[in-house]
Amino acid sequence: MQTLRFDSTSVDATEEFLSTAYTPMRIGGPVEDARVRIDRHAVRQLSIDRLSFGYDMAFDAHGLPGVCLISMHSGTLIDRTGGKEHVYGPGDTFLLTPPETPYQGEVRSARYTIAMFDPSLLDGLAPAGSDSTGPVRLTGARPLTPASGHALGSTIAYLRDHVLGDAAAPPTELLAATAAQHLAAAALAALPHSARTEPTRTDSRDATPGTLRRALSWIDAHAQQDVTVADIARASYVTPRALQYAFRRHLGTTPLAHLRQVRLHAAHRDLLAADPATTTVTAIAMRWGFAHPGHFAAHYRNTFRTTPTTTLRRRT
């Protein structure tokens, strides 16, 4: 995991740092208090940064390589991309800009979190793939409802503070990959997007029991690795849309939901075998890619009709 901290009172140094860490940009505007602090935690497909600006700053930036979400804590951010003005304040979580799209605006004495993830994650998580124009895209900046915006902001905060931000227990490769997928899924649930809801004729034709058998076998063999829908689809010799439809048609679920069940059962076996004096539920949950203990416990109860703590303590 990559971590870094930037503290400065120099506008020139801040412009250089932002251009290196994010994308080439120019910053301007009168500055009286040039305090800036940025803390970054990053893994392969995900980075989460906490930023604090003590002054008003205008910016004009090139496009970013990933999906960029912002969660505001204080102050104001004004997006002026495309000649329109959108104002965001404390409590707002939104899409700053689609990947590779230049953006302009202003930060006014703000504290906020930036979360960026690989846009390719959206393709494997969409209900049935993308529309006919290409990969899945997020098509709106603001969440569909206040509740979905709050859920997205809470997801970003949890991953920032408890997954990527825990220096004493840096995430395993599996946990980091699962965290990135979790954030992409939360973004799809909260924001407008281009995913189609039904498979194409070819995808429907390929969604056979044979496809499902190959996928199930591959998932069982690779459940402790960093697995995406695209990986499972390649191993099954079909498109991600066909794979999604095969699971929906024959099992009434999704590939990633099935993968989660396989990992839940593996965690269940580990809990039964573990010594509660030396092992914790959280450690086993993270071993199998469950970043949020509360979510793990809820899924566990739904599957096994008991709590993971009860299972772990059975030996005593």
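(A) Fine view of the packing of aromatic side chains. Under the criterion given, the structure shown has eight aromatic pairs. Ring geometry for Y88 versus F94: centroids 3.6 Å apart, planes at 5°, classification stacked. Judged by relative accessible area, which is 2%, Y88 ranks as buried. The class of F94 is buried, set by a relative accessible area of 1%. Arranged with centres 5.8 Å apart and planes meeting at 50°, the rings of F296 and Y300 form a pair that is tilted. Placement of the pair is F296 and Y300 together in helix 11 (residues 293-304), with a separation of four residues, close to one helical turn.

(B) Structural context of empty space enclosed by the protein. Tallied over the entire structure, the rule returns one cavity of 30 Å³ or more. Size it by volume and the largest cavity reaches roughly 170 Å³. Lining of the largest cavity is provided by 16 residues; of these, M25, L96, Y103, Y112 and I114 occupy positions nearest its centre. Broken down by secondary-structure element, the contributors of at least two residues to the lining of the largest cavity are strand 4 (46-53), strand 5 (56-61), strand 6 (67-79) and strand 9 (103-117).

(C) Highlighting the layout of surface pockets. Its volume calculated, the largest pocket comes out at about 610 Å³. Around the largest pocket, the lining is made up of 25 residues, and of these T178, H182, A185, L256 and R260 lie nearest the centre. Elements with a contribution of two residues or more to the lining of the largest pocket: helix 2 (121-125), helix 3 (146-163), helix 4 (173-190), helix 9 (255-273) and helix 11. Looking at the lining of the largest pocket element by element, the count peaks at five residues for helix 9. For the lining of the largest pocket, the class distribution of residues is 13 nonpolar, ten polar and two charged.

(D) Expanded view of helix 6 (residues 209-222). Helix length check: helix 6, at 14 residues, gives a terminal C-alpha distance of 20 Å against a target of 20 Å (1.5 Å per residue), a fit within 8%. Among all positions of helix 6, only G210, T211, L212, A215 and I219 are buried. Looking at the buried positions of helix 6, the neighbouring elements they touch are helix 5 (201-206), helix 7 (229-236), helix 8 (240-251) and helix 9.

(E) Spotlight on the nonpolar core. Ranked by internal contacts, the top residues of the largest apolar core, which has 31 residues, are L46, L69, F117 and L183. Sorting the residues of this core by element identifies strand 4, strand 6, strand 9, helix 2, helix 3 and helix 4 as the ones contributing at least two each. Among the elements that take part in this core, helix 4 stands out by supplying ten residues, more than any other. Setting aside anything within four residues of it in sequence, one finds F117 in contact with Q45, L46, G66, V67, L69, L122, L183, A184 and A187. With 30 residues, the next largest nonpolar core counts F17, C68, L77 and Y112 among its residues.

(F) Spotlight on the pattern of salt bridges. Evaluated as defined, the whole model comprises 13 salt bridges. The partner of D226 in a salt bridge is R44, with the nearest N and O atoms 2.1 Å apart. Pair noted here: D226 is in the loop between helix 6 and helix 7 and R44 is in the loop between strand 3 (36-43) and strand 4, with a separation of 182 residues, a long-range link. Ionic pairing is found between E85 and R80, a salt bridge with its closest N-O pair at 3.0 Å. If you follow the salt bridges from partner to partner, you end up with R80, E85, E106 and R108 in one network.

So, how was this worked out
Residues numbered from 1 in each chain as written. Predicted model: local features only at pLDDT ≥ 70, side-chain atom pairs only at ≥ 80, totals over all residues. Heavy atoms only, no water. Phe/Tyr/Trp six-rings, centres within 6.5 Å; stacked < 30°, edge-to-face > 60°. Buried < 20%, exposed > 50% of the residue type's maximum accessible area, 1.4 Å probe, protein only. Helix = DSSP H or I, 4+ residues; strand = E, 2+ residues; numbered from the N terminus. 1 Å grid on protein atoms, 1.4 Å probe; cavity = no way out; pocket = protein on both sides within 12 Å on 5 of 7 lines; lining within 4 Å. Points joined across faces, edges and corners; volume = space filled by probe spheres on them. Nonpolar A, V, L, I, M, F, W, Y, C, P; charged D, E, K, R; others polar. Expected span 1.5 Å × (residues − 1). Contact = heavy atoms within 4.5 Å. Core = buried A, V, L, I, M, F, W, Y, C linked by side-chain atoms within 4.5 Å. Salt bridge = Lys/Arg side-chain N within 4 Å of Asp/Glu carboxyl O.

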